[in-house]
Amino acid sequence: VCHPDLPMRNSNGLCNSCDKKRRLYGADFVALYREQNGCCKMCSEPCEEYDMLVDHNHKTLKVRGLVCRTCNVVIGFAEHEKLALAFTYLEAND
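Under the definition given, this model contains two salt bridges. Across the salt bridge formed by R64 and D55, the nearest N and O atoms sit 2.8 Å from each other.

Turning our attention to the nonpolar core. F29, L32, Y33, C40, C47, M52, V54, L66, V67, C68, C71 and I75 form the largest nonpolar core, which has 12 residues in total. Of all the secondary-structure elements, those providing two or more residues to this core are α2 (29-35), β1 (52-56), β2 (63-68) and α3 (69-78). Setting aside anything within four residues of it in sequence, one finds C71 in contact with C40, M42 and C43.

Rules of the game
- Residues numbered from 1 in each chain as written.
- Predicted model: local features only at pLDDT ≥ 70, side-chain atom pairs only at ≥ 80, totals over all residues.
- Heavy atoms only, no water.
- Salt bridge = Lys/Arg side-chain N within 4 Å of Asp/Glu carboxyl O.
- Core = buried A, V, L, I, M, F, W, Y, C linked by side-chain atoms within 4.5 Å.
- Buried < 20%, exposed > 50% of the residue type's maximum accessible area, 1.4 Å probe, protein only.
- Helix = DSSP H or I, 4+ residues; strand = E, 2+ residues; numbered from the N terminus.
- Contact = heavy atoms within 4.5 Å.

In structure tokens form, the structure reads like this:
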């Protein structure tokens, strides 16, 4: 049982949140959290479990790891086609 204090969807021992993540990404959230020692895979800062998000490739759905909310936002922008323009803008207007 992953989170015995949370509602269970079925008899697989997973709470609704972990069950959804497993069905969407094939990822065992609790195992990944333990594997990463409770730290964000990108910045290595310790994070509470509820603040971690499953980072994944949006085309293949391949899971890269668990990241904190801040790093998830950074990754979202890093994958945007205007990122190079943002760096050019910042350098030109510093």
